[in-house]
Amino acid sequence: MSNLFESVKQKVTGKNIKIVLPEGMDERILEAADRLAKENVVNPILVGNETAIKEKAGQLGFALEGVEILDPNTYTEMDALVASFVERRKGKATEEQARKILLDENYFGTMLVYTNKADGLVSGAAHSTADTVRPALQIIKTKPGVSKTSGVFIMVRGEEKYVFADCAINIAPTSQDLAEIAIESAKTAQLFDIEPKIAMLSFSTKGSAKSPETEKVAEAVKIAKEQAPELTLDGEFQFDAAFVPSVAKSKAPGSVIQGDANTFVFPSLEAGNIGYKIAQRLGNFEAIGPVLQGLNMPVNDLSRGCNSEDVYKLSIITAAQAL
Ligand SMILES: CC(C)(COP(=O)(O)OP(=O)(O)OC[C@H]1O[C@@H](n2cnc3c(N)ncnc32)[C@H](O)[C@@H]1OP(=O)(O)O)[C@@H](O)C(=O)NCCC(=O)NCCS
Ligand SMILES: CC(=O)OP(=O)(O)O
């Protein structure tokens, strides 16, 4: 991890990139915010009651020097934030509803990003993925040309590094969704200096099984190749055919991927989420993410099982996405 991470860290250090951490009372968040500010890597903004946060941080031995704290209950620019939210939600929220919604730390933090008071957001240490990302889907929205946000993990073990997608958002992706996830994952891979070799995963290799599920992936391969012919991408593959050269030789001779894939697109969220956790917990891979891709501005979700190191690293990655 160290080389991979150090190069991302170098890109953002000293650039005064502001990252909102809405879960200001969480110990892991406090520890990470204190470290980020001390090292001048990013400028953290905590959300919550200043007195309560400082008291808790003090008890834990964190000075929080250089850490901004914003409280939605006393935020002086709340009227402008409410107006901006009502305008963005176009008929989906009244002013009264907006005032209530923006007291929620994730909505408040996301609006800070949307109104350029911050460059990115990291949350989810104490919230489910749905509660963390819903404000971003509604407010930040996807960038032009992207219809679905998705979430990848960078899986790292020693010198090995892989991209796993989508492990976080789209429960039942269509062929078009999978093609888009592959194309966006290639860009995310490059952010981590990984030259993407993309395998579209299935329980079938090159037609060895036939079912609506395998055909969905085969169709995704076709769409992705049409939309991004420059990518090194193929499928549908079982994991061994994508990852083991000798198996590739027998199951997928002639493919551009010969057991050397490093970017894996799973056929469903069940497969992706289970797959990354198995690699993390049985394979001892470090799982960085989920890094959300396809949004207009960077917002990232943590696993609730995260530690302060994960918060620290994901904040830095979020800052790199803001560059
Ligand atoms: C992501 C998720 C929360 C969205 O569900 P939801 O809030 O019910 O979504 P809705 O269908 O009500 O849509 C809410 C908004 O988000 C948008 N949206 C939903 N999914 C989206 C996606 N994948 N990409 C971009 N926008 C999306 C909708 O267009 C809608 O926007 P609008 O209100 O401006 O019209 C849901 O798909 C989910 O729970 N996914 C699994 C998350 C999870 O548990 N992962 C495992 C742990 S990491
Ligand atoms: C990414 C993920 O699985 O998050 P959580 O463990 O919080 O559900």
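Residues numbered from 1 in each chain as written. Chains lettered and ligands numbered in written order. Predicted model: local features only at pLDDT ≥ 70, side-chain atom pairs only at ≥ 80, totals over all residues. Heavy atoms only, no water.

Time to look at the site of ligand 1. Surrounding ligand 1, one finds 20 residues, the nearest of these being Arg 89, Lys 92, Arg 134, Thr 149 and Ala 168. Contacts to ligand 1 include Lys 92, whose side-chain N or O atom sits 2.8 Å from an oxygen atom. About the coverage of ligand 1: the protein hides 62% of its 930 Å² of free accessible area. The element that contributes the greatest number of residues to the shell around ligand 1 is helix H7 (residues 129-140), accounting for six residues. For the shell around ligand 1, the residue count by class is eight nonpolar, seven polar and five charged. (Near = heavy atom within 4 Å. Polar contact = N/O pair within 3.5 Å; in protein donor to acceptor, adjacent residues only side chain to side chain. Areas by Shrake-Rupley, 256 points an atom, 1.4 Å probe, with all protein chains shown as cover. Helix = DSSP H or I, 4+ residues; strand = E, 2+ residues; numbered from the N terminus. Nonpolar A, V, L, I, M, F, W, Y, C, P; charged D, E, K, R; others polar.)

Below, the discussion takes up the confidence of the model for the protein. Per-residue confidence for the protein gives a mean pLDDT of 95; residues scoring 70 or more make up 99%. The complex model carries a pTM of 0.90, and its ipTM stands at 0.96. (pLDDT = per-residue confidence, 0-100.)

Every residue lining ligand 2 is accounted for by Thr 129, Phe 153, Asn 273, Tyr 276, Lys 277, Pro 290, Ser 303 and Arg 304. Within the side chain of Asn 273, an N or O atom sits 3.1 Å from an oxygen atom of ligand 2. Arg 304 has a polar side-chain atom sitting 2.8 Å from an oxygen atom of ligand 2. Protein coverage of the free-state accessible area of ligand 2, which is 260 Å², stands at 86%. If you tally residues by element for the shell around ligand 2, the top one is helix H12 (residues 269-281), at three residues. For the shell around ligand 2, the class distribution of residues is three nonpolar, three polar and two charged.

Considering the arrangement of structural elements, one finds Thr 318 in helix H13 (residues 308-322). Within the local environment of Thr 318, its side chain forms a polar contact with the backbone oxygen of Leu 314, the two atoms lying 2.6 Å apart.

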